[in-house]
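What follows is each chain in one-letter form.
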Amino acid sequence: MTKVTLYGLTTCPHCKRALEFLKTAKADFEVIWVDKLEGEERKKVIEKIYNISKSYSVPLLVKGDKWVLGFNREKLEELLKD
């Protein structure tokens, strides 16, 4: 199973909901808190988020070549099925 990457902000309520969803679903995941990054690393992650979704919004959940922007339970369940 491919690991899910959650890009979010520590202050974002939808990001926290997405994190709880992943925990409840017992998904294999990693979290990247963009607001905890600094300098060049932060810039690269923000650029990566934009390159994937054509948006700077979070949460962004990525699994392989598929992704979900925002907290949408149905779309997240589909993402985890693949």
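Because the structure is a prediction, the values reported are computed rather than measured.

S.K.: How would you explain the nonpolar core if you had to name every residue and give the values?
M.R.: Counting residues in each nonpolar core, the largest one holds 16 residues, and the members touching the most others are Leu6, Phe21, Leu22, Leu61, Leu76 and Leu80. Looking at this core, the elements that each hand over two or more residues are strand S1 (4-8), helix H1 (13-24) and helix H3 (73-81). The greatest single-element share of this core, amounting to five residues, is contributed by H1. Apart from residues no more than four positions distant in its own chain, Leu22 is found in contact with Val4, Leu6, Ala27, Phe29, Leu61 and Leu80. Counting eight residues, the second-largest nonpolar core is a separate cluster that includes Val34, Leu37, Val45 and Val62.

S.K.: Now, about the packing of aromatic side chains: what can you tell me, with residues and values included?
M.R.: Overall, the coordinates contain two aromatic pairs when judged by the stated rule. With centroids separated by 6.4 Å and ring planes inclined at 80 degrees, the aromatic side chains of Phe21 and Phe71 adopt a geometry described as edge-to-face. Separated by 50 residues along the polypeptide, Phe21 in helix H1 and Phe71 in the loop between strand S4 (66-69) and H3 bring together distant segments of the chain. Both residues of the pair, Phe21 and Phe71, belong to the buried class. Each ring, one from Tyr50 and one from Tyr56, has its centre 4.8 Å from the other, and the planes form 25 degrees; the classification is stacked. Residue Tyr56 is classed as exposed on the basis of its relative accessible area of 57%.

About the criteria used
- Residues numbered from 1 in each chain as written.
- Predicted model: local features only at pLDDT ≥ 70, side-chain atom pairs only at ≥ 80, totals over all residues.
- Heavy atoms only, no water.
- Core = buried A, V, L, I, M, F, W, Y, C linked by side-chain atoms within 4.5 Å.
- Buried < 20%, exposed > 50% of the residue type's maximum accessible area, 1.4 Å probe, protein only.
- Helix = DSSP H or I, 4+ residues; strand = E, 2+ residues; numbered from the N terminus.
- Contact = heavy atoms within 4.5 Å.
- Phe/Tyr/Trp six-rings, centres within 6.5 Å; stacked < 30°, edge-to-face > 60°.

Without other data, these values stay purely geometric and don't point to any function.
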